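Architecture at a glance
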Amino acid sequence: MKSQFEFGKVISDSSFVDREDERKRLSANSESAINTVLISPRRWGKTSLIAQVARENRNEKTVFCFLDLFNIRTEEEFYQKLAAQLIKSTSTKWEEWVETGRKFIKNLVPRFSIGDDPLHDFSISLDIVALKQSAEEILDLSEKIANEKGIRLVVCIDEFQNISFFDQPLAFQKQLRSYWQHHQQVCYIIYGSKKHMMAELFQSPKMPFYRFGDLMMLQKIEKEYWIPFIIKGFKDTGKEIKAEVAAVIPEMMENHPYYVQFLSYQCWNLTDSECTFQTIEQACAELLNQQTILYQREVDNLTNFQLNYLKAIANGEKQMNAAAVVKKYNLGTPGNIKKMKVTLENKEIIDVTGKTIEISDPLFRLWIRKYFL
Ligand SMILES: Nc1ncnc2c1ncn2[C@@H]1O[C@H](COP(=O)(O)OP(=O)(O)O)[C@@H](O)[C@H]1O
Ligand SMILES: [Mg+2]
């Protein structure tokens with residue numbers, strides 16, 4: 001039987017846990033055409049959440065358009081992809097997308113190449129020289145299409161922090177904002193990881209996207225939601241796990257959505273009929289084994305001070321500047337401690353939320369505990 005635990009991909013409706021408040025807030029925003037900016041560390045569930053919101057809210061009058069910038073490094077690529085996705089998501093027949101393309105992107109001759117599946121598989125290529133000159137047309141394309149078709153368009157842009165790779169990220173942001181802020185029928189959901197960088201894009205008054213929309217900091221998912229989900233995942237597939245055993249999985253994985261699903265899957269896999277504490281222990285040991293090469297490499301790239309810093313966090317220390325902690329783990333000067341925090345956060349090895357510092361990967365935390373403490 002197939003497992004109900006899913007990880008490393010956009011999860012289906014049946015594997016989706018909680019996020020009630022966030023879903024409501026995002027639905028209301030898209031209904032009222034209010035822009036949203038959604039930020040969290042990697043793998044906390046941004047992409048899954050927006051996909052779920054789209055599933056729940058799309059109808060004939062509300063169209064969701066998805067744009068993932070994970071492989072986009074230049075402005076030209078951005079315009080190409082934005083134009084293609086807008087046309088694709090709002091047309092049902094290929095004649096329609098050719099027509100829309102020709103109508104709204106006048107300065108360009110869009111070339112459509114059709115793949116195996118002519119309905120969904122096509123690419124639009126635009127001449128690079130003309131592309132920058134036509135940036136304006138492309139940046140207004142969403143509003144024009146929405147007006148023409150009488151629809152509300154929700155444009156979802158994932159991994160937005162990648163725009164910092166562009167040649168002139170600041171000028172680019174100014175340009176985007178100057179067009180998008182006038183749109184009435186279109187709203188934007190912009191989301192991304194590297195919390196530090198994303199926060200800078202949206203929280204600094206100096207930046208063009210400051211106060212662009214409703215700013216949401218996505219949190220992890222609390223244990224009380226995971227426990228019934230895990231129990232059901234076992235039960236529906238003819239296996240069993242008791243509530244007090246199920247609770248250990250989110251506890252060990254510090255409620256981290258990806259890792260809770262990951263460990264749940266490993267436990268499920270090792271279970272014939274009932275998952276016990278021993279099963280979880282075994283699953284965890286196997287995972288740590290699998291990850292050892294990766295973590296070893298990670299540790300090789302750290303300075304001794306940085307490793308000491310991680311040991312302190314892994315051991316549950318909260319006051320990294322306290323004299324006793326500095327001495328016990330040998331953390332160096334206050335300046336050094338401050339610098340390490342920034343470096344480790346930028347490398348996405350730790351996550352800082354307010355005063356809380358966590359090792360991003362809860363398995364890595366267990367691994368450090370096992371081998372270094
Ligand atoms: N609401 C959720 N319910 C259950 N699992 C989730 C949820 N959100 C995220 N996950 C788990 O975390 C993984 C990573 O989520 P994803 O949406 O890709 O994160 P992000 O976009 O923030 O990097 C998913 O594949 C899934 O295993
Ligand atoms: Mg994502």
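Since this is a predicted model, take the numbers as computed values, not measurements.

1. With respect to the site of ligand 1
Of all residues adjacent to ligand 1, which total 22 residues, the nearest are Glu 6, Arg 43, Lys 46, Thr 47 and Ser 48. In the model, an oxygen atom of ligand 1 is placed 3.3 Å from a nitrogen or oxygen of the Trp 44 main chain. Contacts to ligand 1 include Gly 45, whose backbone N or O atom sits 3.0 Å from an oxygen atom. The protein chains hide 94% of the 560 Å² of surface that ligand 1 would expose on its own. Per-class residue counts for the shell around ligand 1 are 10 nonpolar, 6 polar and 6 charged. There are two domains that each give the shell around ligand 1 at least three residues, and those are domain 1 (19–217) and domain 2 (222–294).

2. A look at the nonpolar core
Residues Ile 230, Tyr 309, Leu 310, Ile 350, Leu 363 and Phe 364 are the most contacted members of the largest nonpolar core, which totals 55 residues. Two domains each put at least three residues into this core: domain 2 (222–294) and domain 3 (302–373). Discounting chain neighbours no more than four positions away, the residues touching Ile 350 are Tyr 309, Leu 310, Ile 313, Lys 341, Leu 344, Glu 345, Ile 357, Glu 358, Ile 359 and Ser 360.

3. Examining the environment of Glu 358
Tracing the backbone through its elements, the reader meets Glu 358 in strand β11 (residues 356–359). Measuring from C-alpha to C-alpha, the distance between Glu 358 and Leu 310 comes to 9.0 Å, with 48 residues separating the pair along the chain. Apart from the residues lying within four places of it in its own chain, the contact partners of Glu 358 are Trp 44, Lys 220, Ile 313, Ile 349, Ile 350 and Asp 351.

4. Digging into the packing of helix α14 (residues 304–314) against helix α16 (residues 334–346)
Two elements in contact, α14 and α16, have axes separated by 10 Å at closest approach and are oriented at 80°. Relative to α16, α14 is oriented roughly perpendicular. On α16, the residues touching Phe 305, Gln 306, Tyr 309 and Leu 310 of α14 are Asn 336, Ile 337, Met 340, Lys 341, Thr 343 and Leu 344. A per-class count over the contact of α14 with α16 returns 6 nonpolar, 3 polar and 1 charged.

Definitions and limits used
Residues numbered from 1 in each chain as written. Chains lettered and ligands numbered in written order. Predicted model: local features only at pLDDT ≥ 70, side-chain atom pairs only at ≥ 80, totals over all residues. Heavy atoms only, no water. Near = heavy atom within 4 Å. Polar contact = N/O pair within 3.5 Å; in protein donor to acceptor, adjacent residues only side chain to side chain. Areas by Shrake-Rupley, 256 points an atom, 1.4 Å probe, with all protein chains shown as cover. Nonpolar A, V, L, I, M, F, W, Y, C, P; charged D, E, K, R; others polar. Domains from an automatic or database assignment. Core = buried A, V, L, I, M, F, W, Y, C linked by side-chain atoms within 4.5 Å. Buried < 20%, exposed > 50% of the residue type's maximum accessible area, 1.4 Å probe, protein only. Contact = heavy atoms within 4.5 Å. Helix = DSSP H or I, 4+ residues; strand = E, 2+ residues; numbered from the N terminus. Axes fitted to C-alpha atoms, helices over the stretch in contact; angles between N-to-C directions. Parallel < 35°, antiparallel > 145°, perpendicular 65-115°, else oblique.

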